[in-house]
There are 4 protein chains.
Amino acid sequence: MIRVLVWNEFFHEKDKNNASSEIYPNGIHNAIADFLGKEDDITVTTATLDDENCGITDEVLKNTDVIIWWGHCRHEKVPDEVAEKVQTAVLNGMGAIFLHSAHKSKPFMRLMGTSCSLIWRESGDFERVWVAKPSHPIAAGIDTCFELPAEETYGEPFGIPTPDEIVFMGWYSGGEVFRSGVTYTRGNGKVFYFQPGHETFPTYRDPSVQRVILNAVRWAAPTVRIDNAMDCPNPPSRNK
Amino acid sequence: MIRVLVWNEFFHEKDKNNASSEIYPNGIHNAIADFLGKEDDITVTTATLDDENCGITDEVLKNTDVIIWWGHCRHEKVPDEVAEKVQTAVLNGMGAIFLHSAHKSKPFMRLMGTSCSLIWRESGDFERVWVAKPSHPIAAGIDTCFELPAEETYGEPFGIPTPDEIVFMGWYSGGEVFRSGVTYTRGNGKVFYFQPGHETFPTYRDPSVQRVILNAVRWAAPTVRIDNAMDCPNPPSRNK
Amino acid sequence: MIRVLVWNEFFHEKDKNNASSEIYPNGIHNAIADFLGKEDDITVTTATLDDENCGITDEVLKNTDVIIWWGHCRHEKVPDEVAEKVQTAVLNGMGAIFLHSAHKSKPFMRLMGTSCSLIWRESGDFERVWVAKPSHPIAAGIDTCFELPAEETYGEPFGIPTPDEIVFMGWYSGGEVFRSGVTYTRGNGKVFYFQPGHETFPTYRDPSVQRVILNAVRWAAPTVRIDNAMDCPNPPSRNK
Amino acid sequence: MIRVLVWNEFFHEKDKNNASSEIYPNGIHNAIADFLGKEDDITVTTATLDDENCGITDEVLKNTDVIIWWGHCRHEKVPDEVAEKVQTAVLNGMGAIFLHSAHKSKPFMRLMGTSCSLIWRESGDFERVWVAKPSHPIAAGIDTCFELPAEETYGEPFGIPTPDEIVFMGWYSGGEVFRSGVTYTRGNGKVFYFQPGHETFPTYRDPSVQRVILNAVRWAAPTVRIDNAMDCPNPPSRNK
């Protein structure tokens with residue numbers, strides 16, 4: 001059983017003047033939890049910025065196999081201590097999926113070490129997401145490409161380290177391109193960044209997007225889980 | 001002084017019924033040699049499929065710092081022995097730049113080890129080439145992106161090994177995306193693949209394209225040149 | 001069920017004057033097939049250089065999920081056509097494990113595109129193989145390192161492209177170091193190179209070596225299998 | 001002219017009971033500054049933990065092309081703000097060379113995003129440093145390997161992201177192996193980690209070590225320098 005924690009800053013969706021309040025009345029986290037929760041091999045919990053300590057404690061992370069993170073304009077409200085806990089849990093083996101504007105979230109930026117900057121435009125461009133690595137488990141069930149009628153445009157250069165793998169590349173009607181799905185190993189943990197998901201569009205109701213996130217959960221589930229990745233052992237020589 | 005050899009299959013341009021015969025009456029190789037030859041630090045020679053042994057001998061390669069390769073529908077006419085010579089010269093330190101349809105040329109395929117396949121369409125799409133890695137020497141002088149009024153469309157998935165660096169990514173008006181400029185190290189040699197350059201469009205007269213090729217020549221020029229990359233030495237232990 | 005084909009040039013073991021004839025009287029291929037064949041999820045067949053077409057046909061490869069390759073001094077006896085078939089099968093999704101001196105085998109060299117050279121010495125050095133990536137599935141069950149009382153020494157520089165992952169690194173009593181276990185993705189297929197296994201030592205009877213090869217078989221088993229990796233499709237634009 | 005800043009925590013060398021006080025009476029930073037300062041194309045300044053703000057201000061970093069960092073047991077004394085300034089300067093284009101125990105320094109750990117852990121032993125093992133990538137500019141002038149009579153032993157697994165390039169690999173008489181010289185690009189900046197240099201051994205007086213550090217300075221010098229790597233521009237569509 002894969003234990004998933006969906007974390008969301010849960011801000012826009014509570015604002016009646018924001019389109020997201022109608023699209024995701026229970027928040028993006030619950031929209032994601034809903035479709036993941038239907039799978040037999042997955043159990044889902046959620047946490048938000050409003051929870052004490054963001055709902056993230058050592059105990060919570062110890063019982064999380066894969067964390068999914070959505071944040072946008074409240075990144076700075078997440079305490080450094082919480083971001084560090086998430087980073088360390090990944091290095092110990094927890095999987096992590098960062099969605100859309102989480103490219104500038106504290107845990108993702110800490111894991112990348114770079115600016116994670118990009119160019120962007122909120123114009124509701126049409127996006128076509130191409131499969132760049134068809135044999136990757138995260139692309140299973142996606143044939144060639146999928147299309148989103150409206151998305152926030154993200155464009156290169158994307159300030160990330162060279163990814164281990166580029167699974168998806170996005171084409172926008174406004175003329176930009178983007179590495180829309182990229183993977184990393186960080187310590188014992190697997191990391192997937194996935195670009196679709198602006199809050200004012202029903203992206204997380206799209207079957208292809210849901211399939212990719214589901215695939216990514218299964219891909220990121222740990223094979224090894226330790227609790228001391230940060231340690232530097234001091235063993236004697238093994239030579240005789 | 002960087003000694004450049006521009007190799008071209010030189011087939012389409014000799015066909016009066018092909019648009020390339022008007023655009024490149026002296027062949028693509030001479031169009032490229034012309035702008036490179038204006039640089040003080042570069043000397044250029046050319047060779048084509050019509051030359052004996054494709055104009056490629058051990059002596060020629062020994063005196064070449066960077067080879068530029070253009071081929072399209074005569075890849076199979078290049079003898080395996082010639083392709084192997086080019087591959088070995090790269091492993092020994094020679095730089096190599098593969099242009100456009102040279103993605104299926106024998107030397108490039110040998111250096112990559114993969115299918116080098118892609119999807120394509122000859123519809124004269126508009127292309128915008130984005131800089132994905134602004135600090136890369138090959139992108140010097142290119143600000144954000146450059147545009148080509150008409151190009152052959154190349155699309156993902158591109159069957160290459162994970163590149164060391166993605167310098168450019170292409171956006172096509174027909175809806176495709178492509179890793180348009182990618183680098184590799186192979187042995188002691190540097191390799192750059194650059195997508196623009198269909199024979200029926202004046203792509204190699206575009207100032208940005210010329211700048212990129214010039215940058216790539218300087219980037220690919222060898223720092224180390226050996227003649228025995230294929231050998232496996234059998235030294236004694238250095239321990240006392 | 002994972003269908004494994006163990007290929008061996010099967011030369012040294014038939015020579016009564018070679019130590020391998022006593023260590024592997026039925027050949028290295030059968031020593032490997034024996035321990036793999038005990039697993040419930042694996043079926044094993046073998047083939048050797050003596051078989052017609054090296055025992056490798058399109059039909060055989062179509063029914064192989066993972067090929068294991070051992071060769072040493074008869075690499076050149078493998079026809080280019082056979083090597084190409086193996087390469088293409090990997091690009092289509094078949095897994096491939098290359099053992100020890102197979103670093104200079106035709107299929108491995110074709111998949112890498114480089115010299116695959118190294119330094120070597122047959123002095124029966126002690127080798128300690130360190131786990132460099134403990135969370136990798138291929139290292140499962142190996143704690144920190146394992147030791148081989150005697151092996152052929154392989155040393156850097158190893159003329160391979162930058163690996164996707166370095167799983168093992170070898171230390172030799174004679175003073176050399178080597179990237180002893182490295183992974184690649186090539187097209188739809190996974191490739192693992194593993195250094196231990198000189199024919200005159202009982203390396204393939206070592207429990208850790210057996211565990212690594214078993215892990216690698218499960219890791220390399222295809223997730224996607226196609227039959228047209230070499231094709232370049234020519235689709236119409238998807239834009240409306 | 002390449003402007004180098006050598007930073008050192010400068011702690012051990014001031015302790016008369018520590019061997020380093022005799023080996024580096026003026027501190028490791030000055031030992032490094034001395035040999036770099038002899039080069040015509042380099043100007044060197046130094047800074048230490050004792051300086052106000054560690055001697056690191058925006059103005060200082062703006063006028064630094066390459067920073068060299070040595071730290072060991074006072075990593076935590078470096079304020080987060082200083083570490084962040086160094087990280088940001090690298091993303092903007094400054095080169096950075098991290099020496100020996102700086103693998104656990106704040107700026108390096110921030111740039112890597114991982115544990116940067118390793119195994120270690122202070123037993124004065126003999127070390128042989130092998131060149132794994134002979135054509136790399138950082139290895140220029142180093143033939144095959146160099147030897148250090150006594151070093152602190154560092155061993156795998158080294159908790160770093162997959163390096164862009166492995167230039168050196170270390171062999172220790174006590175039986176360990178280590179990726180001793182590795183490169184990264186982070187944003188617009190180049191990063192080199194180099195393992196030799198325990199404070200109680202005269203490692204920075206070794207000609208090969210000095211040559212590597214000098215090579216690394218020239219390699220890491222910026223080609224592009226910006227001041228806004230952290231920004232996310234919001235441009236209009238370029239389509240007409």
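Residues numbered from 1 in each chain as written. Chains lettered and ligands numbered in written order. Predicted model: local features only at pLDDT ≥ 70, side-chain atom pairs only at ≥ 80, totals over all residues. Heavy atoms only, no water.

> How should the interface of chain B and chain C be read in this particular structure?
Between chain B and chain C, the contact holds 34 residues from the first and 34 residues from the second. Across the chain B/chain C interface, buried area totals approximately 2400 Å², and carbon plus sulfur atoms make up 51% of it. On the chain B side of the contact with chain C, B:Gly113, B:Trp120 and B:Cys232 bury the most area, a combined 19% of that side's loss. For the pair chain B and chain C, the number of links is 24 residue pairs in polar contact (both at pLDDT 80 or more). Of all the elements in the fold, those that place two or more residues in the side of chain B that touches chain C are helix 4 (80–92), helix 5 (106–112) and strand 5 (119–131) of chain B. A per-element tally of the side of chain B that touches chain C places helix 5 of chain B first, with 4 residues. Here the side of chain B that touches chain C is built from residues that sort into 14 nonpolar, 13 polar and 7 charged. (Contact = heavy atoms within 4.5 Å. Buried area = accessible area lost by both parts, 1.4 Å probe. Polar contact = N/O pair within 3.5 Å; in protein donor to acceptor, adjacent residues only side chain to side chain. Helix = DSSP H or I, 4+ residues; strand = E, 2+ residues; numbered from the N terminus. Nonpolar A, V, L, I, M, F, W, Y, C, P; charged D, E, K, R; others polar.)

> Help me understand the packing of aromatic side chains, please; the structure alone is not making it clear to me.
Geometrically, a pair of aromatic rings is defined through the distance of the ring centres and the angle of the planes. Under the definition given, this model contains 46 aromatic pairs over all chains. For the pair A:Phe168 and A:Phe194, a centre-to-centre distance of 5.7 Å together with 50° between the ring planes defines the contact as tilted. Of this pair, A:Phe168 sits in strand 7 (residues 165–172) while A:Phe194 is found in strand 9 (residues 189–194), placing the two residues 26 residues apart along the sequence. The pair A:Phe168 / A:Phe194 is uniform in exposure class, with both members buried. Seen from their ring centres, D:Phe158 and D:Phe178 are 4.6 Å apart, and the 35° between their planes marks the pair as tilted. Taken as a pair, D:Phe158 in the loop between strand 6 (145–155) and strand 7 (165–172) and D:Phe178 in strand 8 (residues 177–186) lie far apart in primary sequence, 20 residues in all. No difference in accessibility class separates D:Phe158 from D:Phe178, as the two residues are buried. The aromatic ring of B:Trp171 is capped on one face by B:Arg128, whose charged end is 5.4 Å from the ring centroid. Lying across the ring of C:Phe11, C:Arg74 places its NZ or CZ 3.6 Å from the centre. (Phe/Tyr/Trp six-rings, centres within 6.5 Å; stacked < 30°, edge-to-face > 60°. Buried < 20%, exposed > 50% of the residue type's maximum accessible area, 1.4 Å probe, protein only. Lys NZ or Arg CZ within 6 Å of the ring centre and 35° of its normal.)

> Quick question: what am I supposed to make of the pattern of salt bridges here?
Under the criterion given, the structure shown has 52 salt bridges over all chains. A salt bridge links A:Asp125 to A:Arg121, with the nearest nitrogen and oxygen atoms 2.9 Å apart. Considered together, A:Asp125 and A:Arg121 belong to a single accessibility category, that of buried residues. One salt bridge connects B:Glu39 with B:Arg218, and the closest N-O pair in it is separated by 2.9 Å. Of the two residues, B:Glu39 sits in the loop between helix 2 (28–36) and strand 2 (42–48) while B:Arg218 sits in helix 6 (residues 207–220), which places them 179 residues apart along the sequence. Residue classification places B:Arg218 among the partly exposed residues on the basis of a relative accessible area of 36%. The network of salt bridges with shared partners includes A:Arg3, A:Asp65 and A:Arg225. (Salt bridge = Lys/Arg side-chain N within 4 Å of Asp/Glu carboxyl O.)

> So what exactly am I meant to see when it comes to the sheet that holds strand 2 (residues 42–48) of chain C here?
Whenever strands of a sheet pair, they do so through backbone hydrogen bonds, lying parallel or antiparallel. All names here are of chain C. If you walk across this open sheet you meet the 9 strands as 2-1-3-4-9-8-7-5-6, and the pairing is mixed. Each of the sheet's edge strands pairs with one partner strand only, and the pair in question is strand 2 and strand 6 (145–155). The average angle at which neighbouring strand axes cross in this sheet is 25°, direction not considered. Where strand 7 (residues 165–172) meets strand 8 (residues 177–186), 5 bridges bridge the pair, whose relative direction is antiparallel. Within the sheet, the bridge partner assigned to Ile 166 lies in strand 8 and is Val 182. Its contacts with the sheet put helix 2 (residues 28–36) on strand 1 (2–8), strand 2, strand 3 (66–70) and strand 4 (95–99), and the angle it makes with strand 2 is roughly 175°. Strand contacts of helix 4 (residues 80–92): strand 3, strand 4, strand 8 and strand 9 (189–194), with the helix running at about 120° to strand 9, the strand carrying the most contacts. (Pairing = 2+ DSSP bridges. Axes fitted to C-alpha atoms, helices over the stretch in contact; angles between N-to-C directions.)

> Mind showing me how you'd approach the side chain of A:Asn92 here?
Within the secondary structure, A:Asn92 sits in helix 4 (residues 80–92). When neighbours within four sequence positions are excluded, A:Asn92 is seen to be in contact with A:Asn188, A:Val224, A:Arg225, A:Ile226, A:Asp227, A:Asn228 and A:Ala229.

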